[in-house]
Amino acid sequence: MARWGLFGYNSATDVTDQPWFVQPREVYAVTLKAVDIEVTIRGFTARVDASLTYHNDTDKALTVQYSMPVDEGAAVYKFEAVVDGRKITAQCFEKKRAEQIYKDAVSSGHTAFLGREDNLTADIFHLALGNLLGGSEAELKLSLLMELKVKTDGAVSFTLPTVLNPRYCPKDVDASHHNTDIVTPFAHPESVTSKPYTFGLKAKVQGGHALANIVSHHDILIVKPSDDNMSAEITQECGRFKPDHDWNMLIYYQNPYKTHIIREKGDRSSTGLMKDDLLMVNLHPELPEQSYSHRNEVIFVVDRSGSMQGEKMQSARTTLLLFLKSLPTGCYFNVICFGSTYSLLFPSGSEEYTEQTLEKALELHHSISADMGGTEILQPMKHIYSTPPKPGFARQILLLTDGEVFNVDQVKELVSRHAHETRVFVVGIGHGASTALVHGVARAGHGLAEMVYQQDKLQLKVMGLVRSMLQDSVQDVSVTFDVEPPGGIKLIPKTLPIIFGGKHLILYVRVPTSTEVKSITVSGVVGNNKISNCFNGSDIVNIHDEEKTLHRLAARAQINEWQIDNEEDVAEEMITLSLATGVVCRRTALIGVDEDRKPVGPKPESAAGSPMMDLSLTPMCMTSMSFRVCVMYFILIRIDSDLGVFIYVYICKSWNTEQYST
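Values in this document were obtained by computation on a predicted structure and should not be read as measured data.

## With respect to the overall build of the protein
- Check the secondary structure of the protein and you find twelve helices and 32 strands.
- Here the protein has roughly 26,100 Å² of accessible surface; of this, 50% comes from carbon and sulfur atoms.

Okay, here's the thing in structure tokens:
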């Protein structure tokens, strides 16, 4: 089941401090008129400008909100609203201050909007628009930046998340204390619109790389390359996009593996990071064949929760089968399946990979289905870490999941704590898979991640991950610079990179404006072999970008690194960096107020009814759910709205099952 639209409710209701599990008594549909997306790709970066136009068909002033999926590595840095021809530009503030400004503005009758990253996961963004007058039209404009990496088959993959699936909240996570805007699997009939709307998408590819091909496995594209194949314009065939999958485009450059270094000029009138220049180093380090070992213990952790039904489980089974048949002789392995509980193929521990043990694994593979309830991912991971790695063998975890959980930080913190002894690789299954969990856990576990959509080039992705898993860890990594004058160079983030042979490695380097970079050297030790990659400063391409794309992507990379640690002692640094660059993090928010327009009537009284529950499902966001669960919820809600929601949440918690599983 899918519903689209913007959720609207009486403007007296306050959205900034209400629990997620209650809803307003008055709910209205806000008509979606148009969605327009513009994508600009330059080399290995992308800028996305999204515009959503809505119309309030009621005669009431409404407060409306929506939730949209974003890539966890995306830097959201600009938000604007055009309401009845008046442009409102948001500014970045510390979150609590931004929320207070929003409350004061709305209670005074001004139109205001508030954009925030979800408190529990970095791949959901929430927006509230207060006091949208009856009969008014609002155009909401969001801008974000993304880094793009070369995949195993040589393609540069661009994915625009358009599917937002419900997220499971484990029993030990108190969502009402940690987040106010949790997207739930519920949908309210009045909160959505079924009226048709227009959808337009335009993309440009440019930036000094000769193009070989541009394709999509899921959508029909119209591609118009330039005569010299150095750029192209791409459009989506009108009316052909179906909002049941993430929009994806694969760009093949003629030489994607060539080292590419860009120096972006800073803003001389600014301070800190934005004032200095910023280097983006793209390289593909090669390792000697002796760097790969068969002495590995590989533990497969397979998600069998209710959300993995249908095509997702088919993809997970196919992926697991390819991995099982790709393991080298002499290694050890085990398979753990999890849902509300977990079970092991070999309860006493990993066993040697032989014909007999493979046969047992294949028997399990044939019986795997999405029949284990909720997504309690933390417990099987804790079980693995409760025993030390097998002596003489490097332990690797391969997690196959859609990642639809809200305890992302808990999982990342656990994985990061054990990364020195166990690497973690993650395969995200299906459209709408949580990039916050998939990429975040792989980064925390010093591993790699791949996203799998049905069967697209699955074998190449599996073989690429197998090769990376069998690679010994590169130790004593260093990044050194020959610069004039000496000093002042800073790597962002400060943590040294994890190196995998042949994989796209991106480094961000802060450079003082007057500093000349003569060379860059990335080195390390793998096994008994020293590796070194040296690049000449003459290869650096200087650019001037008004959007400061590289500066903001570097800031986002640093914020993501801090959020793995989740330490309070970096909170002030995170806020300072976010405010300086405009890149939103979970401790800041974007706030805009229309102070030019006269207030909307008298100050609204406090809401007499129930507070708000986030039911928004938007054209950047599609939610699916079980029919039986929906029917139960709608019956309860028709009897009594508050009691209905309370009983539903209580039942879900008591059953300890996934809120949207059957």
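## Considerations on helix 1 (residues 95-107)
- With 13 residues, helix 1 should reach 18 Å at 1.5 Å per residue; the first-to-last C-alpha distance of 18 Å fits that figure.
- Of all the positions in helix 1, only K95, A98, E99, Y102, A105 and V106 are classed as buried. Take helix 1 and look down its axis: the buried residues cluster within an arc of 130°, on one side only. Residues of helix 1 that are exposed and angled more than 90 degrees away from the buried face: K96 and R97.
- In this fold, the buried residues of helix 1 make contact with strand 4 (62-69), strand 7 (91-94), strand 8 (111-117), strand 9 (124-132) and strand 32 (588-594).
- Where helix 1 begins, the capping side chain belongs to E94, and its oxygen is found 3.2 Å from the backbone nitrogen of K96.
- A positive backbone phi angle near 95° is found at G109, which sits one or two residues after helix 1.

## Re the pattern of salt bridges
- The full count for this structure, using the stated rule, is 21 salt bridges.
- With a closest N to O distance of 3.5 Å, K78 and E547 form a salt bridge. Placement of the pair is K78 in strand 5 (residues 75-83) and E547 in the loop between strand 31 (540-543) and helix 9 (549-565), with a sequence separation of 469 residues.
- Linked through salt bridges whose partners overlap, the residues forming this network are E117, D409, K412, R556 and R586.

## What to know about the sheet that holds strand 17 (residues 260-264)
- The five strands lie next to each other as 27-28-18-17-31, forming an open sheet whose pairing is mixed. In the strand order of this sheet, the two ends are held by strand 27 (490-492) and strand 31, each with one partner. Direction aside, the axes of adjacent strands within the sheet are offset by 25° on average.
- Pairing between strand 18 (residues 277-283) and strand 28 (residues 505-511): seven bridges, direction antiparallel. Paired with L279 across the strands is V509, a residue of strand 28.

## What to know about the state of the cysteines
- Scanning the model with the defined rule gives zero disulfides in all.
- No disulfide involves C92; its sulfur sits 7.1 Å from that of C585, the nearest cysteine.

## Let's talk about the packing of aromatic side chains
- What the rule picks out here adds up to nine aromatic pairs.
- Judged by centre distance (5.6 Å) and plane angle (85°), the ring pair of F333 and F346 falls under edge-to-face. Remark: F346 occurs in the loop between strand 21 (342-344) and strand 22 (351-352) and F333 occurs in strand 20 (residues 332-338); sequence separation between them is 13 residues. Accessibility assignment for this pair places F333 and F346 in one class, buried.
- Ring geometry for F333 versus Y353: centroids 5.6 Å apart, planes at 75°, classification edge-to-face. With F333 in strand 20 and Y353 in the loop between strand 22 and helix 4 (355-367), this pair connects stretches of sequence that are 20 residues apart.
- Taken together, the aromatic side chains of F79, F113 and F125 make up a single cluster linked through ring pairs.
- The positively charged end of R295 is found above the aromatic ring belonging to F393, 4.3 Å away from the centroid.
- The lysine or arginine in question, K390, covers the ring of Y332, its NZ or CZ lying 4.8 Å from the ring centre.

## Quick word on the nonpolar core
- I41, F79, F125, F158, M249 and I251 are the most contacted members of the largest nonpolar core, which totals 76 residues.
- Ignoring anything within four residues of it in the chain, the contact list for F79 reads Y66, I88, T89, A90, F113, F125, L127, L140, K141, L142 and L590.
- Counting residues in hydrophobic clusters, the runner-up holds 37 residues, among them C337, L345, I368 and L470.

## Quick word on helix 5 (residues 378-385)
- Of all the positions in helix 5, only L378, P380, M381, I384 and Y385 are classed as buried. Angularly, the buried residues of helix 5 cover 170° about the axis, an arc narrow enough to put them on a single face.
- Considering only its buried residues, helix 5 is in contact with strand 19 (296-303), strand 20, strand 21, strand 23 (394-401), helix 6 (408-417) and strand 24 (422-429).

## Some words on empty space enclosed by the protein
- Here the structure, examined in full by the defined rule, presents five cavities of 30 Å³ or more.
- Considering only enclosed or pocket space, the second largest cavity measures out at about 60 Å³ in volume.
- As for the second largest cavity, its lining consists of V70, A74, V76, E117, A122, I124, F125, R556 and V584.

## Brief notes about the packing of helix 3 (residues 311-324) against helix 8 (residues 458-469)
- One can describe the packing of helix 3 onto helix 8 by two numbers: an axis separation of 10 Å at closest approach and a directional angle of 50°. Considering their axes alone, helix 3 and helix 8 lie oblique with respect to each other. For helix 3 against helix 8, the interelement crossing comes out right-handed. Two secondary-structure elements touch here, helix 3 through S315, T318, T319, L322 and F323 and helix 8 through L458, Q459, V462, L465, V466 and M469.
- Grouping the amino acids of the contact of helix 3 with helix 8 by side-chain chemistry returns seven nonpolar, four polar and no charged.

Cut-off values and rules
- Residues numbered from 1 in each chain as written.
- Predicted model: local features only at pLDDT ≥ 70, side-chain atom pairs only at ≥ 80, totals over all residues.
- Heavy atoms only, no water.
- Helix = DSSP H or I, 4+ residues; strand = E, 2+ residues; numbered from the N terminus.
- Areas by Shrake-Rupley, 256 points an atom, 1.4 Å probe, with all protein chains shown as cover.
- Expected span 1.5 Å × (residues − 1).
- Buried < 20%, exposed > 50% of the residue type's maximum accessible area, 1.4 Å probe, protein only.
- Arc of directions from axis to C-beta.
- Contact = heavy atoms within 4.5 Å.
- Polar contact = N/O pair within 3.5 Å; in protein donor to acceptor, adjacent residues only side chain to side chain.
- Salt bridge = Lys/Arg side-chain N within 4 Å of Asp/Glu carboxyl O.
- Pairing = 2+ DSSP bridges.
- Axes fitted to C-alpha atoms, helices over the stretch in contact; angles between N-to-C directions.
- Disulfide = S-S within 2.5 Å.
- Phe/Tyr/Trp six-rings, centres within 6.5 Å; stacked < 30°, edge-to-face > 60°.
- Lys NZ or Arg CZ within 6 Å of the ring centre and 35° of its normal.
- Core = buried A, V, L, I, M, F, W, Y, C linked by side-chain atoms within 4.5 Å.
- 1 Å grid on protein atoms, 1.4 Å probe; cavity = no way out; pocket = protein on both sides within 12 Å on 5 of 7 lines; lining within 4 Å.
- Points joined across faces, edges and corners; volume = space filled by probe spheres on them.
- Parallel < 35°, antiparallel > 145°, perpendicular 65-115°, else oblique.
- Left-handed = near helix turned anticlockwise from the far one by under 90°.
- Nonpolar A, V, L, I, M, F, W, Y, C, P; charged D, E, K, R; others polar.

Interpretation note: all reported values are geometric properties and have no functional meaning in isolation.
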